Each structure stands twice: as C-alpha cells, then as structure tokens.
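Listed here are the chains, written in short residue letters.
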Amino acid sequence: MEYVLQQLWLVIGLMAFIVGAMYWRRHHLPVTATRTPARPPAPIVYRDSPTVRVADAQRVDRIRKLARLRAGESVDILPHVAGLPPRFRITCKNLIDGSDLEAAHIVVELSGAQLSCGPLVHETAFNEFVIPRATRDEHRSSVFYYYERGDSLEFMRIKLKSADLSNGQVELDVMQVHGHWPTHFDGND
C-alpha cells in the first residue's frame, strides 16, 4: 500500500510541475514573441489594362475580344498592314447544323504559325477547325497557340461561346497574350 501511495504522490508532483512550467512559460515569453493585433485585410482592386508595365525591359500585352461573325465574315484581332499577310485573322466559314452541341467551322491565320486544338475540336485542314461550343472543360474545346523563346512568351486561345443558327452568327472569345522580359538580371532588379 505504501508503494502505491508513493507512486500516486509522484504522479501528482509531476503533474503539478508540468502545470507550473506551462503557467510560467505563458507569462514569461520573450518580448519578440508577443502578439500584435492583426491588420484588417486590404481590399482587392482589379484594374483591366491592355498593357501592364512591370519594368522598362519587361512588358506584357494582353488582348481579349468577343468577336461576332456571320458565315463568310472575318475579323482582324491584331492590326493588319496592307501588303503583308494577316498577323491574326479569324474567318467563319459556316455554322455546323445537326449536332447536339453548337459548332462552327473557322479558319485562323496567325502569321503562318501552326495552331493546336483540344480533343473535342476537329481539325479539317491547316489552321481550319470545327470548334464546338465551349464546355466547362475549356481547354478540350478550344483552339490555342503557345510559343516560348528565351525572353518572350506568346499565348493565344479561341473558344466558341455561342452559335445562333437562326441568324447565322457565332460569338468567339479570343485571348492573346505576349510577354517580354529581360534575359539577364543585375542586382538592382
């Protein structure tokens, strides 16, 4: 019985020591670990701008347009210089009838570059596509282009927002991004 009482007093003493150490530590924290009141979060501000300047040598140009075309019409997304091939032109050949999803047959000219497409898009010829209306999985139902050089990045995406067979008009969402940054950094950047 005496052995059990010794063990009990030992456990009580150990628990009292742990509680005392926690109490002492809580009230004697170093000055650097004191709590400061949290600042309220700053409001998020969004400002759309076609060009965002980062530094003199860094630049990001972004174009996003909704293009409404009828069969046979085309639109120049980037300015076209007479006598030169189009920099970025989209032509709607026709609307596709008889499918479950709305679809359009388009031709894209992007300075001679070959475009890629998602698995739901059917490529009929060089840069000629039958593109279905964009689904929740946009990259599967869009036409895109991606090219990276050492100091720049080009990205383009076209998706079909809607196709109205009654008036023969399609609405395309077009995004084009061009980024340029310096190839070397000095210690001041």
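Residues numbered from 1 in each chain as written. Predicted model: local features only at pLDDT ≥ 70, side-chain atom pairs only at ≥ 80, totals over all residues. Heavy atoms only, no water.

Rolled over the atoms, a probe sized like a water molecule indicates the empty space that remains. Of the pockets and cavities examined, the largest pocket occupies roughly 240 Å³. Forming the walls of the largest pocket are 14 residues, and the residues nearest its centre are Leu-110, Ser-111, Tyr-145, Glu-154 and Gln-176. If you list the elements that add at least two residues to the lining of the largest pocket, you get strand E9 (142-148), strand E10 (152-164) and strand E11 (169-180). Among the elements that take part in the lining of the largest pocket, E10 stands out by supplying three residues, more than any other. Looking at side-chain class alone, the lining of the largest pocket contains seven nonpolar, three polar and four charged residues. (1 Å grid on protein atoms, 1.4 Å probe; cavity = no way out; pocket = protein on both sides within 12 Å on 5 of 7 lines; lining within 4 Å. Points joined across faces, edges and corners; volume = space filled by probe spheres on them. Helix = DSSP H or I, 4+ residues; strand = E, 2+ residues; numbered from the N terminus. Nonpolar A, V, L, I, M, F, W, Y, C, P; charged D, E, K, R; others polar.)

Our focus in this paragraph is the nonpolar core. Membership of the largest hydrophobic core comes to 26 residues, with the highest contact counts inside it found for Phe-88, Ile-90, Ile-106, Leu-115, Ile-158, Val-170 and Leu-172. Of all the secondary structure elements, the ones that give two or more residues to this core are strand E2 (58-70), strand E4 (89-96), strand E5 (103-109), strand E8 (128-132), E9, E10 and E11. With four residues, E10 is the single largest residue contributor to this core. In this structure, Val-170 is in contact with Ala-67, Arg-68, Leu-69, Cys-92, Leu-95, Ala-104, Leu-160, Ser-162 and Ala-163, ignoring residues within four places of it in sequence. (Core = buried A, V, L, I, M, F, W, Y, C linked by side-chain atoms within 4.5 Å. Buried < 20%, exposed > 50% of the residue type's maximum accessible area, 1.4 Å probe, protein only. Contact = heavy atoms within 4.5 Å.)

Both E9 and E10 contribute to a ladder of seven bridges, which runs antiparallel. Among the inter-strand pairings, Tyr-147 is bridged to a residue of E10, identified as Glu-154. Counted along the chain from E9 to the antiparallel partner E10, the turn is three residues long. Between the end of E10 and the start of E11, which pair antiparallel, lie four residues, with Gly-168 showing a positive phi angle near 70 degrees. (Pairing = 2+ DSSP bridges.)

To continue, consider unusual backbone geometry. Not every positive phi belongs to a glycine, and Ser-111 is a case in point at roughly 50 degrees. Note on placement: Ser-111 falls in the loop between E5 and strand E6 (116-117). Since its relative accessible area comes to 56%, Ser-111 is described here as exposed. Unusually for a residue other than glycine, Asn-127 sits at a positive phi of about 55 degrees. Among the structural elements, Asn-127 can be located in the loop between strand E7 (122-125) and E8.

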